[in-house]
Amino acid sequence: IGAFNMAYKYNVPIIPCVITYRERTGFYKLFRTDEPLLTIHVGEPILPDTTNPRKVEAARLRELAHSRMVSMAGIVQNPWPAAVD
């Protein structure tokens with residue numbers, strides 16, 4: 001929870017990011033088929049609510065970031081739920 005505690009302490013946003021693989025199509029399919037193509041998805045910033053206690057807010061930030069990242073990655077059935085303290 002280190003990053004979420006720091007976001008709370010310094011009142012900075014958490015920016016969820018996800019890297020996904022994609023199939024080669026079109027021009028890319030003709031050349032260098034041994035290297036994967038990656039897509040980086042950058043989500044909307046999640047701002048901490050400093051009126052809540054630190055521990056509660058860090059847990060909320062973690063759960064919200066996790067759910068947004070699962071959604072951005074296109075995961076329908078997640079076998080790894082957010083960690084519980």
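Each remark here, short or long, concerns the structure printed above.
Focus on the nonpolar core
- If you look at the biggest cluster of nonpolar residues, it comprises seven residues: F4, A7, I14, I46, A58, L61 and A65.
- Breaking this core down by element, the ones donating at least two residues are helix 1 (2–10) and helix 3 (54–73).
- For this core, the element with the highest residue contribution is helix 3, accounting for three residues.
- Setting aside residues up to four positions removed in sequence, F4 forms contacts with I14, A58, L61, R62 and A65.

Observations regarding unusual backbone geometry
- With a phi close to 55 degrees, N11 is a non-glycine residue in the positive phi region.
- Relative to the assigned elements, N11 resides in the loop between helix 1 and strand 1 (17–22).

Thoughts on the side chain of T20
- With respect to the helices and strands, the residue T20 is situated in strand 1.
- According to the relative accessible area criterion, T20 is buried, its value standing at 19%.
- At a separation of 3.0 Å, a polar atom in the side chain of T20 contacts the side chain of H41.
- Every residue in contact with T20, bar those within four places of it in the chain, is listed here: L37, L38, T39, H41 and A73.

Definitions and cut-offs
Residues numbered from 1 in each chain as written. Predicted model: local features only at pLDDT ≥ 70, side-chain atom pairs only at ≥ 80, totals over all residues. Heavy atoms only, no water. Core = buried A, V, L, I, M, F, W, Y, C linked by side-chain atoms within 4.5 Å. Buried < 20%, exposed > 50% of the residue type's maximum accessible area, 1.4 Å probe, protein only. Helix = DSSP H or I, 4+ residues; strand = E, 2+ residues; numbered from the N terminus. Contact = heavy atoms within 4.5 Å. Polar contact = N/O pair within 3.5 Å; in protein donor to acceptor, adjacent residues only side chain to side chain.

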